[in-house]
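Okay, here's what each chain looks like letter by letter:
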Amino acid sequence: MELQTVNSPSPAGEITLYTLTNASGASVTLSSLGAGIVAVRVPDRDGHMADVTLGYKDPASYLADGPCAGKIPGRFANRIALGKFTLDGKEYDLAINNGPNALHGGPTGFMNRIWASSAEGNKVTFTYHAADGEEGYPGNLDVKAEYTWTDDNELTLHITAETDAPTVVNLTNHAYFNLDGENSGTVLDHELLLRASRYLPTDDTQIPTGEMASVEGTPMDFTEFKTIGRDINADFHPLKVGKGYDHCWVIDGYGKGTLKEVAELRSEKSGRSLVIATTQPGMQIYTGNWLAGCPESISGGTYNDYDGVAIECQGFPDSPNKPEFPSPVLRPGEEYDETIVFKFKTR
């Protein structure tokens, strides 16, 4: 495994980029800004390499970008209704940064901070200390994100966290994938399979109602492969609210701490496929509905809406306010411990 390290300035401080290249020449580039995935270069069915994650030309462009491209949002990924939750009888107020709601831990969150970092062998480790009261959340939280890249083109993200006071935690990675290459246009012709027979309906501000609804007979049904774009313009409330897919699916057969395959994305054009496994209970599928206008792409172009799809394995949105959902509460002496595996293949 070959390791390259590059430092780049930004308004938030020096960013360190790590590139791990395996025996076949496939590589990943990771950034200390937001503990992010900057690039994943893997072969198509003919052996031609391409970067299959959306990214920016300037490493500093990831700072405060709207799409949160490739980064780890936190302390709580996704939405919390009205920026409020109650824990052990005390109400906490968060910044409102998505309509009437809190999103991705706040305006700065974890995604716009420089994490401490180191690399050894085929692993890059990022750590971040979130102070008690940061962005309104209680407890000092110490987070570790370990990325491992193998010769089999498998990228594993292992996230752990510990706290000194009761708090809520929900962490994921927000990479956008395009298996034809990041500069190849729409992903609406990609096929997607989700091992999820239910999803979380939401109100008009994309806060879950608490119901877990069957996908059967709806445009939300990806229990068999279908193209992302087949039903995306259907006359269906969730799709109109989000201008496309932007909902959380409930993973079938979830068991806490159990790693299982939950999704597969594939492109007939390139022959690439991406199989995702996780220990998390849900996955937010976001079809890049608002990508237009984001910073200059890593290849020097522009991205349009639907040029990438994010498959964000995570806990359920607004779970601090929904006792019927898997609990996001972390207490002293406990460890937050979740894994996401991205396996790139060809067919």
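For the structure itself, look to the data block above.
Calculation rules
Residues numbered from 1 in each chain as written. Predicted model: local features only at pLDDT ≥ 70, side-chain atom pairs only at ≥ 80, totals over all residues. Heavy atoms only, no water. Phe/Tyr/Trp six-rings, centres within 6.5 Å; stacked < 30°, edge-to-face > 60°. Buried < 20%, exposed > 50% of the residue type's maximum accessible area, 1.4 Å probe, protein only. Lys NZ or Arg CZ within 6 Å of the ring centre and 35° of its normal. Core = buried A, V, L, I, M, F, W, Y, C linked by side-chain atoms within 4.5 Å. Helix = DSSP H or I, 4+ residues; strand = E, 2+ residues; numbered from the N terminus. Contact = heavy atoms within 4.5 Å. Pairing = 2+ DSSP bridges. Salt bridge = Lys/Arg side-chain N within 4 Å of Asp/Glu carboxyl O. Polar contact = N/O pair within 3.5 Å; in protein donor to acceptor, adjacent residues only side chain to side chain.

### What about the packing of aromatic side chains?
And step 1. Going through the model one piece at a time under the given rule, you end up with 16 aromatic pairs.
And step 2. Both rings, one in Phe316 and one in Phe325, keep their centres 5.1 Å apart while their planes meet at 90°; by these two values the pair is edge-to-face.
And step 3. Overall, the relative accessible area of 5% leaves Phe325 in the buried class.
And step 4. The rings of Tyr199, Phe222, Tyr245 and Trp249 are connected pair by pair, giving a single aromatic cluster.
And step 5. For Lys226, the ring lying beneath its charged end belongs to Phe222, and the centroid distance is 4.4 Å.

### Quick notes on the nonpolar core
And step 1. Within the largest apolar cluster, 63 residues are counted, with the highest numbers of intra-cluster contacts made by Trp249 and Met283.
And step 2. A total of five residues in this core trace back to one element, the largest contributor, which is strand S12 (residues 141-149).
And step 3. Ignoring anything within four residues of it in the chain, the contact list for Trp249 reads Leu194, Ala196, Arg198, Tyr199, Val215, Met220, Phe222, Pro281, Gly282, Met283 and Ile285.
And step 4. Residues Leu54, Ala69, Tyr286 and Cys294 belong to the second largest nonpolar core, which totals 15 residues.

### Points about the sheet that holds strand S23 (residues 282-286)
Pairing between the strands of a sheet comes from backbone hydrogen bonds, and it takes one of two forms, parallel or antiparallel.
And step 1. With respect to topology, six strands assemble into an open sheet ordered S15-S24-S23-S20-S17-S18, the strand pairing being antiparallel. The sheet is open, and its two borders are formed by strand S15 (176-177) and strand S18 (213-214), each paired with just one other strand.

### Details of the environment of Val187
And step 1. Of note, Val187 is situated in the loop between S15 and strand S16 (191-194).
And step 2. C-alpha separation for the pair Val187 and Ser197, spaced 10 residues apart in sequence, amounts to 23 Å.
And step 3. When residues no more than four places from it in sequence are discounted, the contact partners of Val187 are Phe177, Asn178, Ile228, Tyr306, Asp307, Gly308 and Val309.

### Observations regarding the pairing of strand S1 (residues 2-8)
And step 1. The sheet contact formed by S1 and strand S2 (residues 15-21) spans seven bridges and is antiparallel. Bridge pairing in S2 links Asn7 to Thr16.
And step 2. Once S1 ends, the chain turns through six residues before running back antiparallel as S2, passing Gly13 with a positive phi of about 125°.

### Structural notes on the pattern of salt bridges
And step 1. In this structure the tally under the stated criterion is 20 salt bridges.
And step 2. Residue Lys123 pairs with Glu146 through a salt bridge whose shortest N-O separation is 3.8 Å. With Lys123 in strand S11 (residues 123-130) and Glu146 in strand S12, this residue pair connects regions lying 23 residues apart in the sequence.
And step 3. You can call Lys123 partly exposed: its relative accessible area is 31%.
And step 4. We note a salt bridge from Asp180 to Lys269, for which the minimum N-O separation is 3.9 Å. One end of the pair, Asp180, is in the loop between S15 and S16; the other, Lys269, is in the loop between strand S21 (260-266) and strand S22 (272-278), and 89 residues separate them in sequence.
And step 5. When its relative accessible area of 15% is taken as the criterion, Asp180 is described as buried.
And step 6. The exposed category is assigned to Lys269, whose relative accessible area is 56%.
And step 7. One salt-bridge network, held together by shared partners, links Arg45, Glu191, Arg266, Glu268 and Arg347.

### Digging into the side chain of Asn101
And step 1. Along the chain, Asn101 turns up in the loop between strand S8 (90-93) and strand S9 (102-103).
And step 2. The buried category is assigned to Asn101, whose relative accessible area is 1%.
And step 3. Within the structure, Asn101 has its side chain in polar contact with the backbone nitrogen of Leu82 (distance 2.9 Å).
And step 4. A polar contact of 3.1 Å, which involves the side chain of Asn101, links it to the side chain of Thr205.

### Thoughts on the pairing of S8
And step 1. In the sheet, strand S7 (residues 84-87) pairs with S8 via four bridges, with the strands oriented antiparallel. Counterpart to Phe85 in the pairing with S8 is Tyr92.
And step 2. From the end of S7 to the start of S8, which pair antiparallel, there are two residues, and Asp88 there has a positive phi angle of about 55°.

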